[in-house]
Amino acid sequence: MKKIFYILSLFAVCACTNTPGKGSADNADNESSYTESNEEGLPTCKEYMEELAKGFAEAVEKHDLQKAMTYLSPRYVKEQHDDFLGGRTEQFISELLGGTLPDGSFRCPRISEIVSVEVLNADCPEEGDPFAYFQIKLKGGEIIYVTLETQDENTKNGYLPLFVGGVG
């Protein structure tokens, strides 16, 4: 009888201390759903960031602003697009894509000026948040270099990084 009591007690302790798996909405530390290696069929962080950046670049290049917005953090969109800019999507995306020209000056491109968007790098550094680095070519021949940072968001697929821009 003692053995059964100890076994049941052990099961109870294990059940109480079990933590949710990666990507669970109940996961207290908001751990991202991507992995450092390709375990469990999940993409690595680098693979996820490359796909995120590629999708965003394609949407912007096609001037599909609504699709481009789906690659952004919902909290960032609400704060900056909805509240701060009153829903002015073209201005929001233009300011998000503001970046550095080769001469060091800063420029926010109009969406109608964008000819192409190339992902130069999408990565997950050991220190800091994942990011993507883009090259945007404009009709006039200018090239703008833009880095977009990310923040983890609770999505239907777990906690995943989505793009954010500057705040203010």
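Residues numbered from 1 in each chain as written. Predicted model: local features only at pLDDT ≥ 70, side-chain atom pairs only at ≥ 80, totals over all residues. Heavy atoms only, no water.

Asks: Help me understand a negative patch on the surface, please; the structure alone is not making it clear to me.
Replies: A surface patch of like charges, here negative, comprises Glu47, Glu51, Glu58 and Glu61. Along the polypeptide, Glu51 turns up in helix H2 (residues 45-61). (Patch = residues over 30% accessible without salt bridge, like charges linked within 9 Å, V, L, I, M, F, W, Y side chains within 5 Å. Areas by Shrake-Rupley, 256 points an atom, 1.4 Å probe, with all protein chains shown as cover. Salt bridge = Lys/Arg side-chain N within 4 Å of Asp/Glu carboxyl O. Lys, Arg positive; Asp, Glu negative; His and termini not counted. Charge placed at Lys NZ, Arg CZ, Asp CG, Glu CD. Helix = DSSP H or I, 4+ residues; strand = E, 2+ residues; numbered from the N terminus.)

Asks: Help me out: how do you make sense of the nonpolar core in this one?
Replies: Proteins that are soluble and globular tend to have nonpolar side chains buried together. Counting residues in hydrophobic clusters, the biggest one holds 38 residues, and the most contacted among them are Phe56, Leu72, Ile93, Phe134 and Phe163. Mapped by element, the contributors of at least two residues to this core are H2, helix H3 (65-69), helix H4 (74-84), helix H5 (89-96), strand E3 (114-123), strand E4 (131-138), strand E5 (143-155) and strand E6 (158-164). With nine residues, H2 is the single largest residue contributor to this core. Ignoring anything within four residues of it in the chain, the contact list for Phe134 reads Ala53, Phe56, Ala57, Val117, Glu118, Val119, Leu120, Ile144, Tyr145, Val146, Leu148 and Phe163. (Core = buried A, V, L, I, M, F, W, Y, C linked by side-chain atoms within 4.5 Å. Buried < 20%, exposed > 50% of the residue type's maximum accessible area, 1.4 Å probe, protein only. Contact = heavy atoms within 4.5 Å.)

Asks: Help me understand the confidence of the model for the protein chain in this model?
Replies: With 74% of its residues at a pLDDT of 70 or more, the protein chain shows a mean pLDDT of 82. When the elements of the protein chain are averaged for pLDDT, helix H1 (residues 2-17) gives the smallest value, 36, and H3 the largest, 98. (pLDDT = per-residue confidence, 0-100.)

Asks: Help me understand unusual backbone geometry, please; the structure alone is not making it clear to me.
Replies: Outside of glycine, negative phi angles account for most residues, and trans bonds account for most peptide bonds. Even without glycine at this site, His63 takes up a positive phi of about 60°. Along the chain, the position of His63 falls in the loop between H2 and H3.

Asks: What is the right way to read H5 from this model?
Replies: All buried positions along H5 are accounted for by Thr89, Phe92, Ile93, Ser94 and Leu96. The inward-facing, buried residues of H5 abut H2, H3, H4, E5 and E6.

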